[in-house]
Structures are given as C-alpha cells and as structure tokens.
Amino acid sequence: MTAPPSPRLIDDVALIAADIRRRALGEVRLDADLRDYSRWRCGGRAALVVAPRDKRSVSRLLAYFRQRSIPWAVVGEGSNLFFDDAGVQVPLVHVGPQLGAVRVDGTLVRVDAGVWVPGLALKMMRGGLGGIEHIVGIPGTFGGLVLMNGGSLRRGVGENIVEVEVAEQDGSVRRPRHSECGFAYRRSALQQRNCIVLGATLQLTPGNCAAMRRHMLEIMASRRRRFPRDLPNCGSVFVSDPALYASIGPPGAAIELAKQKGAREGDAMVSPKHANFIVNLGNACSADIITLIRRVREAVAVRSGHHMRCEVRFMNFAGEVREVHEWLEDPAWREQRSDEPRRVLNG
Ligand SMILES: Cc1cc2nc3c(=O)[nH]c(=O)nc-3n(C[C@H](O)[C@H](O)[C@H](O)COP(=O)(O)OP(=O)(O)OC[C@H]3O[C@@H](n4cnc5c(N)ncnc54)[C@H](O)[C@@H]3O)c2cc1C
C-alpha cells in the first residue's frame, strides 16, 4: 500500500479480478462507482473492489497481493472516508457484512470487523452488557470504528478493547493487545500499520438493560437534534482539540466564530445545523470538499491561531489514505493538485 502503484496495474485489473474470482476470495466489482463507498457520495471510479468472503479470504487476498507486489487499500462503510475525483487505481478491499459474527463469552465479546456498529450496541444492551452504549449512533463498521478509536461523549471504543485481530500485509494474522494499539482520541497506532482489522475482543460489564436503553435513546435524540440528517455527510470534519476547546470550544463553535457556518464551495456546504459537518447538496465533488475544508481551516487559524486537525480521511488515486489536513500540509501534493486539471471520471 505504501509503494506507488506501477502503471501496469491498470492493464492487469481484469487479470487480477479473474484470479480472485477463480480463488473464490470474495465478490469482485470492476470499474465501481466510488460514490457508493463514501457517505459523502463523491469520488471517481475504483478500478477494482473486492469484498472478501470471510476472515481467511482477507488473509489469502493480502498474501496474493503481497506475492505480486500489488498495492491495495481498505474501506468499510465509508462514513469517515472519501475518494479522489480521479478515482482509485489500486484494488480496494471492502470489509462489510460478510465479516459479521459476534460471539459472546461471559463479559468478553468477539466482534468481526464488518459488524454494523449501531446494531452491535443494541445487541449488547439487549444482552445486558454495558460499556459501549456511546457508539449507538455511529454509522460505520466495527473495523473502521476500531481503526479510528471512534466513540462519542468524549469516549473511544478502545477503552473496552482487550485485543485486536489484524491481517498484516503478508496475510499473516496477529493479535495486538490493547497496550500495543496506541489508542488516543480518534486515533490508533493501527492507522500506521497498513493492516486490515479483522475483529476485536471487547471487555464489557454487566448492566441494567432498561437504564442502558434509556441512555441510548437520549444519545440518539440528542444526535438527531444536533446533526444534519438528510444530506450526505461524513460526520465531524475536524477533531476536537483540548487547547481549542479551552479557549473557544468545540470545532463547531470555532467555525461559527470564524463566520464559516453555511460557507459553500460548489455543492459542498458547511452545515447550517452543525458547523463541524460538511454536507453534499447534490453534486459536490471531492475537490469541492477539500477546498471548503481548507478555507474553513484557514479562517479558524486566522481567527483563533489554531490549525485544526481533521477526523475525515481522503484516499488519493494511488490508494494512500491520510487525514485531510495532512494532505493539505503536504506542499508536493498541493502543488500537484494545482497543476492538474481536475479529472472527474463520474457524471
Ligand atoms: C452522520 C455521522 C455521524 C458520525 N458520528 C461519529 C461519532 O459520533 N463518533 C465517531 O467516532 N465517528 C463518527 N462518525 C464517523 C465514522 O462513522 C466513524 O469514524 C466510523 O467508525 C468509521 O467506520 P467506517 O466503516 O465507515 O470506516 P471508513 O470510513 O470506511 O474508513 C475509515 C478509515 O478506516 C479504514 N478502515 C475501514 N475499515 C477498516 C478495516 N477493517 N481495517 C483497517 N482499516 C479500515 C479506512 O481505510 C479509513 O482509513 C460519524 C459519521 C457520520 C456519517
């Protein structure tokens, strides 16, 4: 995933797809519309998307890629990720419901990476297991949640994780313990590892179903009140930062103070309902969203001196993923984008 893809890769896509089908490693899509894989509903086309059948297929797929030096990238629900308008040239591994098992053993729960997060929270509540009620409103896969250490109410799922099961780049399976995962606010060391999360073991605590249910209903009601619901978005764009929080408040407050609420770039708009969300009014492309993020970030920096970090991640043509502010701070990338005419392969 780190090496730039060879130009030959594009020619080989049909061959790779046929190989993967023959080995029955998963469902294969060629020339897929990336709008189907990002909750912002933008991006170009993916040369190849593979949805592995099970955990073993993920390992075999990575071993297959490794043996042939084929770079790859991974996507879950795409609720925190968007793609280049030029598309993605490397094979995308789509972790979804095929990896959907949840096994309860007392208060230890083994969860596969493709499990739908709100469904997991509800299932645990019904089984009287507490600790992860705060994830009930997060519309992603469990694998994406683990990688991002996602959560709400200032909490992260990492707090409850005992160990994670990952497929490494050579296809081998490892089980890093909690202490090796480097969980921090909306971050984990797994992000640097270029691995695929296959699942994780959670340590939960016995809890009162009715009380947990009430708490979850409150969380959902509060989210419905505060977050935009009808237009495509990828959740919070910027991560809350303690220094910014102390001086101004959460990113939404800083964005409002910098007079960016409602700001627009093409069909991308800072949500009038919650300034830390950017919504797609219909035909926003990834370039619009990136430009708007840059404008908002600069306006906040001018107003408050804080350079906000992004939570949302962007995948370029070569399948490299970084948080958007990291791309924006890369002079080579900025230079390249200003030179290139926008290559929109959709629409
Ligand atoms: C309306 C809305 C509300 C949201 N609210 C919250 C919230 O309250 N708290 C919060 O933390 N987040 C929130 N999010 C963001 C998002 O839902 C979470 O970050 C979620 O956990 C991402 O999961 P995903 O499957 O969508 O991952 P994706 O968006 O598909 O991917 C995110 C990153 O994880 C990588 N990845 C995905 N799956 C795997 C895997 N199996 N192995 C290795 N890497 C993987 C991707 O390459 C990418 O880098 C919200 C999003 C939306 C749209």
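Sequence order sets the numbering: in each chain, residues are counted from 1 along the sequence as written. In view of the model being predicted, local features appear only for residues whose pLDDT reaches at least 70, and side-chain atom pairs are presented and counted only at 80 or more, with totals across whole chains, interfaces and linings using the full set of residues. Where side-chain values are given, they derive from all heavy atoms of the structure, hydrogens and water being excluded.

Visitor: How would you sum up the site of the ligand? Please name residues and give values.
Guide: Neighbouring residues are identified by heavy atoms, a residue being near a molecule or strand if any of them is within 4 Å of it. For the ligand, the set of nearby residues contains 32 residues, the closest of which are Val-74, Ser-79, Thr-141, Gly-151 and Arg-313. Definition of a polar contact: a pair of N or O atoms within 3.5 Å, with one able to donate and the other able to accept a hydrogen when the atoms are protein atoms, and with sequence-neighbouring residues admitted only if both atoms are side-chain atoms. Separating an oxygen atom of the ligand from a backbone N or O atom of Glu-77 is a distance of 2.9 Å. Within the side chain of Ser-79, one N or O atom sits 2.6 Å away from an oxygen atom of the ligand. The accessible surface values rely on the Shrake-Rupley method and a 1.4 Å probe; as for residues, cover is taken only from the protein chains in view. In isolation the ligand has 970 Å² of accessible area, and contact with the protein removes 94% of it.

Visitor: Summarise the pairing of strand S11 (residues 196-203); cite the residues concerned and give the values.
Guide: Buried, partly exposed and exposed residues are distinguished by accessible area as a fraction of the type maximum, computed with a 1.4 Å probe on protein chains only: under 20%, between the cut-offs, and over 50%, respectively. Segments assigned H or I by DSSP are reported as helices when at least four residues long, segments assigned E as strands when at least two residues long, and all are numbered from the N terminus. For S11, the tally of buried residues reaches seven of eight residues, placing the bulk of the element in the interior. In this structure, strand S7 (residues 108-112) lies alongside S11, joined through five bridges in antiparallel fashion. Among the inter-strand pairings, Val-109 is bridged to a residue of S11, identified as Leu-202. Any two strands with at least two DSSP bridges between them are considered paired. The pairing of strand S9 (residues 161-167) with S11 spans six bridges and is antiparallel. Residue pairing in the sheet places Val-164 in a bridge with Ala-200 of S11.

Visitor: Can you break down the packing of aromatic side chains residue by residue, with the values?
Guide: Each pair of aromatic rings taken from Phe, Tyr and Trp, with Trp reduced to its six-membered ring, is defined by centres within 6.5 Å and is described as stacked if the planes are under 30 degrees apart, edge-to-face if over 60, and tilted in the remaining cases. Enumeration according to the criterion identifies seven aromatic pairs in this entry. Measuring from centroid to centroid gives 6.1 Å for Phe-314 and Trp-327, while their planes differ by 85°, and the two rings are edge-to-face. Separated by 13 residues along the polypeptide, Phe-314 in strand S16 (residues 313-315) and Trp-327 in helix H9 (residues 324-328) bring together distant segments of the chain. The burial state of Phe-314 is the same as that of Trp-327; both residues are buried.

Visitor: So what's going on with the domain arrangement of the protein chain? Residues and values would help.
Guide: It is common to give the size of an interface as the accessible area that goes away when the parts come together. Where each domain begins and ends follows an automated or database-derived domain assignment. Once the domains are mapped, the protein chain shows domain 1 (8-94), domain 2 (102-207) and domain 3 (242-339). The centre of domain 2, based on its C-alpha atoms, is set 27 Å off from the matching centre of domain 3. Working rule for contacts: check all heavy atoms of both residues, and any pair within 4.5 Å makes them a contact. At the junction of the two partners, domain 2 supplies six residues and domain 3 supplies four residues. Together domain 2 and domain 3 conceal approximately 500 Å² of surface at their shared face, both sides included; 43% is due to carbon and sulfur atoms. The quantity reported as buried area is the accessible area (1.4 Å probe) lost by two parts once they are put together, taken as the sum for both. In terms of surface lost to domain 3, no three residues of domain 2 exceed Met-148, Arg-186 and Arg-187, which account for 66% of the buried area on that side. Salt bridge, as applied in this entry: a Lys or Arg side-chain nitrogen positioned within 4 Å of an Asp or Glu carboxyl oxygen. Taken together, domain 2 and domain 3 are joined by one salt bridge. Taking the shortest distance from any N to any O, the salt bridge between Arg-187 and Glu-323 comes out at 3.3 Å. Connecting domain 2 to domain 3 are one residue pair in polar contact (both at pLDDT 80 or more). Here the nonpolar group is Ala, Val, Leu, Ile, Met, Phe, Trp, Tyr, Cys and Pro; Asp, Glu, Lys and Arg are the charged ones; every other residue, Gly included, is treated as polar. Residue classes in the side of domain 2 that touches domain 3 are distributed as three nonpolar, one polar and two charged.

Visitor: Report on the nonpolar core, specifying residues and quantitative values.
Guide: Ranked by size, the top nonpolar core spans 54 residues in total, and within it Ile-20, Phe-65, Leu-120, Phe-142, Val-146, Val-164 and Leu-202 carry the most contacts. There are two domains that each give this core at least three residues, and those are domain 1 (8-94) and domain 2 (102-207). Other than its neighbours up to four places away in sequence, Phe-142 contacts Val-111, Asp-112, Ala-113, Val-115, Val-117, Leu-120, Val-157, Gly-199, Ala-200 and Leu-202. Only buried Ala, Val, Leu, Ile, Met, Phe, Trp, Tyr and Cys residues count toward a nonpolar core, and they belong to the same one when joined by side-chain atoms within 4.5 Å.

Visitor: Tell me about the sheet that holds strand S14 (residues 268-270), residues and numbers included.
Guide: With antiparallel pairing, the three strands of this open sheet are ordered in space as S13-S14-S15. Looking at strand neighbours, the two that pair on one side only are strand S13 (264-265) and strand S15 (278-280), the edges of this open sheet. With three bridges connecting them, S14 and S15 associate as antiparallel partners. Bridge pairing links Met-269 to Val-279 in S15.

Visitor: Let's hear about the sheet that holds S16: which residues, and what values?
Guide: Strand order in the open sheet formed by three strands is S4-S16-S17, and the pairing between neighbours is mixed. Among the strands making up the open sheet, the edge pair consists of strand S4 (81-83) and strand S17 (321-323). The sheet shows a mean angle of 30° between the axes of neighbouring strands, taken without regard to direction. The pairing of S4 with S16 spans three bridges and is parallel. In the strand pairing of S16, Leu-81 is matched with Arg-313. For helices, the axis comes from a line fit to the C-alpha atoms of the stretch in contact; other axes are also lines fit to C-alpha atoms, and the angle between any two N-to-C directions lies between 0 and 180 degrees. Each of S4 and S16 is contacted by helix H8 (residues 286-304), which is oriented at about 125° to S4, the strand it contacts most.

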